[in-house]
Amino acid sequence: KSNPITCKIPEYSLEYTLQRIGNNEKPKTNHGMRECVNATKKENTVLTGVVRRVDKKNVVVDIGGGNEAIIPPSEQVEGEEFKPGDRLKLYVTKVNKTNYGAEYIVSRSNAGIVAKLFENEVPEIGEGIVEIKAIAREAGSRTKIAVWSNEPDVDPVGACVGMNGARVNAIV
């Protein structure tokens, strides 16, 4: 027969060890909460990341600075397959605050990624000379954008397409 006192010693030591580990993690958690405030400013922006792993249907992406982002199945482009090491452009749809810092929910299918990529590639859009009025997107197959020029001398379609389609090809 085993002694009830000796059987509980390993349980107490395990509990004590886990508590000590938790206490050592608290400074990181507080630092992570400060990072969350800055992370919420990244919503509705485009980031570049590297695929770390594919968990069931979620894709986990390293976005730098020790942060990871998740691409849920609803935000993935149908038929697109990911492998570790792939570099991706991602649209940040939501940032959740957790005990361990910020949790980024990103998208590859959101129409916002098209708008942000055009803002980065076409200087006339970034300067406000050309405006994107609407975006219609079938993720993975085609995208259409309606553009408008605030200056009569600027062709909005020509500005977005570029010479021989150079600006569009840079985005695609």
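See the structure above.
Everything quoted here is computed from the prediction, not taken from an experiment.

**Structural notes on the overall build of the protein chain**
A count of helical and extended segments in the protein chain gives five helices and seven strands. From first element to last, N terminus to C terminus, the protein chain shows the α and β order α-β-β-β-β-β-α-α-β-β-α-α. For the protein chain, with 172 residues in total, the buried portion stands at 28%. Carbon and sulfur atoms make up 51% of the accessible area of the protein chain, which amounts to about 11,700 Å² in all.

**Things to note about the pattern of salt bridges**
Counted according to the given criterion, the structure contains nine salt bridges. In this structure, Arg52 engages Asp62 in a salt bridge whose closest nitrogen and oxygen atoms are separated by 3.0 Å. Of this pair, Arg52 sits in strand β1 (residues 46-55) while Asp62 is found in strand β2 (residues 58-64), placing the two residues 10 residues apart along the sequence. Two residues, Lys133 and Glu131, come together in a salt bridge whose shortest N-O distance is 3.3 Å. Exposure remark for Lys133: the relative accessible area of 52% places this residue in the exposed category. If you follow the salt bridges from partner to partner, you end up with Arg53, Asp55 and Glu68 in one network.

**Thoughts on the environment of Ile113**
In this fold, Ile113 is placed in helix α2 (residues 112-121). When the C-alpha atoms of Ile113 and Val92 are compared, they prove to be 8.6 Å apart, with 21 residues separating the residues in sequence. Other than its neighbours up to four places away in sequence, Ile113 contacts Val46, Lys89, Leu90, Tyr91, Ser107, Arg108 and Arg137.

The rules behind the values
- Residues numbered from 1 in each chain as written.
- Predicted model: local features only at pLDDT ≥ 70, side-chain atom pairs only at ≥ 80, totals over all residues.
- Heavy atoms only, no water.
- Helix = DSSP H or I, 4+ residues; strand = E, 2+ residues; numbered from the N terminus.
- Buried < 20%, exposed > 50% of the residue type's maximum accessible area, 1.4 Å probe, protein only.
- Areas by Shrake-Rupley, 256 points an atom, 1.4 Å probe, with all protein chains shown as cover.
- Salt bridge = Lys/Arg side-chain N within 4 Å of Asp/Glu carboxyl O.
- Contact = heavy atoms within 4.5 Å.

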